[in-house]
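# Summary of structural features
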Amino acid sequence: MDFSLSETQRMLAETTDRLVRERYGFEDRKKIIAGPDGFSRPLWAQFAELGLTGLGIAEEHGGLGGTMGDLAVVAETFGRALVVEPFMPTLVLGAGTLGFAGSEAQKAELLPQVVAGELFLALAHGEPKSRYTLAHVETTATADSGDYLLTGAKAVVLGGDAADRFLVSARTSGTKSDADGISLFLVPRDAAGLAIRAYPNIDGTRAADLVLDRVRVPASARIGEIGQALPIVTQAVDRAIAYLCAEAVGAMQALNALTLDYLKTRTQFGVPIGSFQVLQHRMVDMEVALEQARSMAILACDRVDDPDARERSRAVSAAKVQIGRSGRLIGQSSVQMHGGIGITDEYAGGHYFKRLTLIDRTFGDADHHLSRFAAAA
Amino acid sequence: MDLKYSDEERAFADEVRAFARAELDPAVRERVLNHKRLSKEDYLGWHRKLHAKGWVAPNWPVAHGGCGWNAVNRFIHEEVLAEEGAPPIVAFGINMIGPVLIAFGNDAQKRHYLPRILSGEDWWCQGFSEPGSGSDLASLRTKAVLDGDHWVVNGQKTWTTLAQHANLIFCLVRTDPTVKKQEGISMLLIDMNTPGVTVRPIITIDGEHEVNEVFFDDVRVPKENIVGEPGKGWTYAKFLLSHERSGIARVGAAKRELRRLKTIAAAEQVDGVPLIETKAFREKIAAVEIELMALEVSNLRMIAAEKSGQAPGAEANMLKIKGSEVQQSLTELMMEAVGPYALPFDPDALEPGWNGEPIGPDYAAPLAGTYFNYRKVSIYGGSNEIQRNILSKSLLGL
């Protein structure tokens, strides 16, 4: 048994740590979010230079290869710095999904562009009424003289503001909650009939809602077998959750550090507030919550590519429950111990609280994954 | 023992409800019910209607233009109006400085300020907290030095709610640095338009501007604008903070928000089943509803005791703790209820008169922001940790 980082992971950690230290301070981040795209394209180019946009992509397509454990190292650093660039949507949901389910032609065309930092991807799966149920797809794909016509709506597509290509799920058969009959298609951003409404999320990341009105794509745009995309989407989302767990650990660690520093430096009644036992115990609970979350994030990243789908989803759901609960406890406790400053826009603490809260809402909250775990037990 | 309201009290509740339904601007009501932004005029328009009816100051004696109601009627009035979606009465004049002036102000101050509070002509804000003085309020450092006929004030206040609307601020200032910290504090009434007063917005993580910093740079305040005696400011502040506690638990507003939570949970679907019918979420709603039931009866016990002449003590601190927890649970569950639609940030949708296309369901836009914002309710007015410190002394003798 060995929980230490590999040599590659140590290098990744050093590289990304240095990058966010130099380029992603809290004030830099504010400017990036306020900019025209809501994220930094120059920084994305730097990700590419450093090889980060090749992580998890096979060497034959120009990538560095690597496991979810490697991506998790980046995720944790990005969590500490609250990086808003659409890394998870492009690398994990986009390139990752193409990597295990795309055709050779799709991979050969798109993955080198992702590695080069020239292509953003997004998975457009969730719908206005699907909530967290992955099998709930109402968008339809109808065969039409060798092509498909896609019609429907997609909701809160992460990274959908920037995406050049979308991986869009649609029903080729069955009704709205059937496991069978869902197919996945590549749709370019400028496709006729595709309307994109991009917006910021409350944590500074970005998303979009899509409306598809008879969007025509060729049969070659389909990812995987016809009607068999639910397992692909489930695996893609499980991998995204594993990434988010690692990101959340980074955010929790940073928020705990800020809070502990505040306990040591804020004085009231002539003493540091960290001398009050009620706050000491609360801070200890936050540290314990962080370590429990870290353990489960490690587990999720380890199991997420397990060929046994049940084993994989149990570990991922368990981790998401733990991350949701730890993030809630740490976020709320941090605000309470900071007092008013904890919810001001100009202080970093509240932004971690927001990110952690939204991670719990992304791809299923703690309640959702508790019942998924219980059902898989 | 009789847990029911009397016939007279029920008739009074009906009267308050009928008044709210007849007089409350439906657009304002809609904004309150749906957590939209309220303008200064939204607050003031309703304030003036209550004033015209003679109902704006339930807690003031009749002699000063108040209602002179007992604790039960005050509670009914506040609860029914909150349930009906009325904007809250802005507390700084009616519930805070008004009672202080009635108890400790001189005749000139009462004659000048009280009618202007009632009419809504003056909007007060509260200058207590400072960057270095939160829970330890008595350590405040804003100082006032007498110079001829004026106090010269220098320092900074923070978390000043709605100072952007205010023309007056009541301030705790240090007038004597040589004595015990509580004994060197005085309360000054300061015109916000005096040279040297600067208001700087504090934006909270929901993107809203509700609180401010207020800076005082050689601000000259007429000598007579002190409340009561120099050095007694701490006594007046404690009076102010302990006054009118019957509404501290916000039971009426919580009932209104519970209804809203149920409406949202009924509209949201999980695999074709309304969220409110799923076991996990239904039980979460039930748990907060039970807390609220307990809170309401506890509140009624307190006001019944108050009506029979007992001053509220530890009960108010308990109600503050439990009331804040209930409000926070409700906002959290509403955010949970909308699932992925908690993510989008659409501040324009909170603006009065906005009629754009919502992102997701039309009730979604304010929910995450309100959850973040409401973390404040266990911090302001004495954090829940401070409430517990008080209770461990006053209730347990520890």
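Residues numbered from 1 in each chain as written. Chains lettered and ligands numbered in written order. Predicted model: local features only at pLDDT ≥ 70, side-chain atom pairs only at ≥ 80, totals over all residues.

### Looking at the overall build of chain B
Of the regular secondary structure elements, chain B holds 12 helices and 9 strands. Scaling as 2.2 N^0.38, a compact globule of 398 residues should have a C-alpha radius of gyration of about 21 Å, and chain B matches this with 22 Å. Its C-alpha atoms give chain B principal-axis dimensions of roughly 75 × 50 × 50 Å. The buried share among the 398 residues of chain B stands at 45%. Counted over contacts in chain B with a minimum sequence separation of 6, partners at least 24 positions apart contribute 71%. (Helix = DSSP H or I, 4+ residues; strand = E, 2+ residues; numbered from the N terminus. Rg over C-alpha atoms; globule rule 2.2 N^0.38 Å. Buried ≥ 20, exposed ≤ 12 C-beta atoms within 10 Å, placed from the backbone. Contact = placed C-beta atoms within 7 Å.)

### Quick notes on the domain arrangement of chain A
All names here are of chain A. Taken domain by domain, chain A consists of domain 1 (7-119), domain 2 (122-227) and domain 3 (231-376). Centre-to-centre separation of domain 1 and domain 3, based on C-alpha positions: 22 Å. With 19 residues of domain 1 at the interface, the matching set in domain 3 holds 25 residues. Contributing elements (two or more residues each) for the side of domain 1 that touches domain 3: α4 (68-81) and α5 (87-101). The greatest single-element share of the side of domain 1 that touches domain 3, amounting to 10 residues, is contributed by α4. (Domains from an automatic or database assignment.)

### Some points on the domain arrangement of chain B
All names here are of chain B. As assigned here, chain B comprises domain 1 (7-89), domain 2 (124-233) and domain 3 (245-394). Averaged C-alpha coordinates put domain 1 and domain 3 at centres separated by 20 Å. If you look at the interface, domain 1 gives 18 residues, while domain 3 gives 17 residues. Looking at the side of domain 1 that touches domain 3, the elements that each hand over two or more residues are α2 (26-33) and α4 (71-83). Broken down by element, the residue count for the side of domain 1 that touches domain 3 peaks at 9 residues, all from α4. For the side of domain 1 that touches domain 3, the per-class residue count stands at 6 nonpolar, 5 polar and 7 charged. (Nonpolar A, V, L, I, M, F, W, Y, C, P; charged D, E, K, R; others polar.)

### What about the packing of α5 of chain A against helix α7 (residues 230-265) of chain A?
Residues and elements named next belong to chain A. The interhelical angle for the contact between α5 and α7, taken along N-to-C directions, is 140°, at an axis separation of 10 Å. Taken together, α5 and α7 sit at an angle that is classed as oblique. In terms of crossing hand, the pair formed by α5 and α7 is right-handed. Between α5 and α7, the residues in contact are Met88, Val92, Leu93, Gly96, Thr97, Phe100 and Ala101 and Ile232, Gln235, Ala236, Arg239, Ala240, Tyr243 and Leu244, respectively. Split into classes, the residues belonging to the contact of α5 with α7 amount to 10 nonpolar, 3 polar and 1 charged. (Axes fitted to C-alpha atoms, helices over the stretch in contact; angles between N-to-C directions. Parallel < 35°, antiparallel > 145°, perpendicular 65-115°, else oblique. Left-handed = near helix turned anticlockwise from the far one by under 90°.)

### Brief notes about the nonpolar core
Ranked by size, the top nonpolar core spans 213 residues in total, and within it Phe185, Cys245, Ala297 and Ala300 of chain A together with Leu188 of chain B carry the most contacts. With 18 residues, α7 of chain A is the single largest residue contributor to this core. Leave out the neighbours within four places in its chain, and Ala300 of chain A touches Ile241, Ala242, Cys245, Ala315, Val316 and Ala319 of chain A. (Core = buried A, V, L, I, M, F, W, Y, C linked by C-beta atoms within 7 Å.)

### Focus: helix α7 (residues 233-242) of chain B
Residues and elements named next belong to chain B. Within the span of α7, buried status applies to Gly233, Trp234, Tyr236, Ala237 and Leu240. Projected down its long axis, α7 carries its buried residues within an arc of 160°, all on one side. For α7, the secondary structure elements touched by its buried residues are α5 (91-104), β4 (168-174) and β5 (185-191). (Arc of directions from axis to C-beta.)

### With respect to the interface of chain B and chain A
Between chain B and chain A, the contact holds 33 residues from the first and 35 residues from the second. Those elements that place two or more of their residues in the side of chain B that touches chain A are β6 (197-203), β8 (269-270) and α11 (367-373) of chain B. Residues of the side of chain B that touches chain A, tallied by class, amount to 16 nonpolar, 10 polar and 7 charged.

### Regarding the packing of helix α9 (residues 309-338) of chain A against helix α11 (residues 366-376) of chain A
Residues and elements named next belong to chain A. At their nearest, the axes of α9 and α11 sit 8 Å apart, and the two run at 150° to each other. It follows from the interaxial angle that α9 and α11 lie roughly antiparallel. Note that α9 runs across α11; the crossing there is left-handed. Where α9 abuts α11, its residues Arg310, Ser313, Arg314, Ser317, Ala318, Lys320, Val321, Gly324 and Arg325 lie against Ala366, His369, Leu370, Arg372, Phe373 and Ala376. Taken together, the residues of the contact of α9 with α11 sort by class into 6 nonpolar, 4 polar and 5 charged.

### Concerning the pairing of strand β5 (residues 182-188) of chain A
Residues and elements named next belong to chain A. Counting buried residues along β5, 6 of its 7 residues qualify, which places the element largely inside the surrounding structure. Pairing geometry for strand β4 (residues 165-171) and β5, over 7 bridges, is antiparallel. Bridging from a neighbouring strand, Arg165 pairs with Pro188 of β5. The pairing of β5 with strand β8 (residues 222-223) spans 2 bridges and is antiparallel. In the sheet register, Phe185 faces β8, and the bridge partner there is Arg222. (Pairing = 2+ DSSP bridges.)

### Some thoughts on the environment of Val237 of chain A
Residues and elements named next belong to chain A. Tracing the chain through its elements places Val237 in helix α7. Taking the C-alpha atoms as reference points, Val237 and Thr362, 125 residues apart in sequence, are found 9.9 Å from one another. If sequence neighbours within four positions are ignored, Val237 has contacts with Leu134 and Phe363.

### Observations regarding the pairing of strand β2 (residues 140-144) of chain A
Sheet topology places β2 of chain A next to strand β3 (residues 147-158) of chain A; 5 bridges connect them, and they run antiparallel. Within the sheet, the bridge partner assigned to Asp144 of chain A lies in β3 of chain A and is Asp147 of chain A.

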